[in-house]
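Spelled out, the chains give:
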Amino acid sequence: MASMISTDPSFSATARLLPFTRFSNGVVSLRRFVGPLHVGLLNPTFPRTLSLNSIRSSRFITAAMATEQSAKVIDGKSVAKQIREEISAEVLKMKDAIGVVPGLAVILVGDRKDSATYVRNKKKACESVGINSFEVHLPEDASEQEVLKSISDFNDDPSVHGILVQLPLPSHMDEQNILNAVTIEKDVDGFHPLNIGRLAMRGREPLFVPCTPKGCIELLHRYGVDIKGKRAVVIGRSNIVGMPAALLLQREDATVSIVHSRTKNPEEITRQADIIISAVGQPNMVRGSWIKPGAVVIDVGINPVEDASSPRGYRLVGDVCYEEACKIAAAVTPVPGGVGPMTIAMLLSNTLSSAKRTHNIK
């Protein structure tokens, strides 16, 4: 599986996700949210303050509440925890019913510390929900044939329901050839051309959707964000996040624009969006001036920037300037603690779905 925080070929992430302290201003904190979030409805004459009682009694939060410092925090860490609990219950139910436990296999080539960290986190995540994990760790100088042999073995193993190859691979290997070797029925990363092709076509259903884009849409759903008919802008067009995110938004009947490195006037285009998904790996690129009041912002980027005050010598920021976004947007994901935890949660979800499909369980 590609790095869950690398969204651009030019970006090499070296940091792992860290715990995030959620901000609460007493008006629209996460713990008080009880209903759908409606975007694109900003009324400039709406009062700038609301009583706490009126907020508690409301079944929704409108974009008119996106006044200064009042953007809602979309807590991916909390949502991912809830999803894992749901998966754990399903895994246990499946085990009790037919004696089968879903299995996820990971192939790691080389000794990159960041890749090793991601693999270790995936293994822990599997254990936390009762999914069996399998791992093959090959040396940096392993041949492409050795990797293909490991994939073939897992393709034929009935106890394995999902296979992912940790990216990036060593430079002497053909990444496309290796990823295509994973049977589509176990392509829990969702990167197989047939899965992407089905995702792009109306009336077709992919067996799996790429994990990070799937996590973005899941956050919008779980926070009740209305997507149908809204203007959405995806910043970035990578195969891992940007392109499939745009396809998913289109499936939800949004009107979608993609902003990329060759786009003219990206700020002007982005400012028209009710929903923004940014996945370019450029720290604080999206400023407050890029955001329409009341928009919902999903920040996929996670970028280390130098910080002498930090014990690590750096801190993590997103593609979006969080402080500025909080003053304008209706809701925004933090970094870390937003999209990142959702990626692994969606990987577990895809693995469970694969096992259920294999054994004809609805």
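Going by the structure above, here's the rest.
Cut-off values and rules
Residues numbered from 1 in each chain as written. Predicted model: local features only at pLDDT ≥ 70, side-chain atom pairs only at ≥ 80, totals over all residues. Heavy atoms only, no water. Pairing = 2+ DSSP bridges. Helix = DSSP H or I, 4+ residues; strand = E, 2+ residues; numbered from the N terminus. Axes fitted to C-alpha atoms, helices over the stretch in contact; angles between N-to-C directions. Disulfide = S-S within 2.5 Å. Buried < 20%, exposed > 50% of the residue type's maximum accessible area, 1.4 Å probe, protein only. Patch = residues over 30% accessible without salt bridge, like charges linked within 9 Å, V, L, I, M, F, W, Y side chains within 5 Å. Areas by Shrake-Rupley, 256 points an atom, 1.4 Å probe, with all protein chains shown as cover. Salt bridge = Lys/Arg side-chain N within 4 Å of Asp/Glu carboxyl O. Lys, Arg positive; Asp, Glu negative; His and termini not counted. Charge placed at Lys NZ, Arg CZ, Asp CG, Glu CD. Core = buried A, V, L, I, M, F, W, Y, C linked by side-chain atoms within 4.5 Å. Contact = heavy atoms within 4.5 Å.

Asks: So what exactly am I meant to see when it comes to the sheet that holds strand β6 (residues 162-165) here?
Replies: Pairing between sheet strands relies on hydrogen bonds along the backbone, with the strands arranged either parallel or antiparallel. If you walk across this open sheet you meet the three strands as β5-β4-β6, and the pairing is parallel. Looking at which strands have only one partner, the edges of the open sheet turn out to be β5 (132-138) and β6. Each adjacent strand pair in this sheet contributes to an overall mean axis angle of 15°, direction not counted. Pairing between strand β4 (residues 103-109) and β5: seven bridges, direction parallel. Residue L108 lies in a different strand from β5, and its bridge partner there is H137.

Asks: Hey, could you run me through the state of the cysteines in this one?
Replies: By definition, a disulfide links the sulfur atoms of two cysteine residues through a covalent bond. Summed over the entire model, instances satisfying the criterion amount to zero disulfides. Counting only cysteine sulfurs, C326 is the nearest neighbor of C321, a cysteine outside any disulfide, at a range of 9.1 Å. For C321, a relative accessible area of 7% translates into the label buried.

Asks: Can you walk me through a negative patch on the surface in this structure?
Replies: On the surface, a cluster of negative charge is contributed by D111, E140, D141 and E146. If you trace the backbone, D111 turns up in the loop between β4 and α3 (113-129). With a relative accessible area of 61%, D111 lands in the exposed category.

Asks: Please explain the nonpolar core as it appears in this structure.
Replies: Looking at soluble globular proteins, one finds that nonpolar side chains tend to be buried together. Among the nonpolar cores identified, the biggest contains 54 residues, and L220 and L249 are the most heavily contacted of them. Counting residues per element, this core draws most heavily on helix α11 (residues 340-358), which supplies eight residues. With sequence-adjacent residues up to four places away left out, L220 is seen in contact with V225, I227, L249, I275, V296 and I298. Counting 19 residues, the second-largest nonpolar core is a separate cluster that includes A273, I276, V280 and V297.

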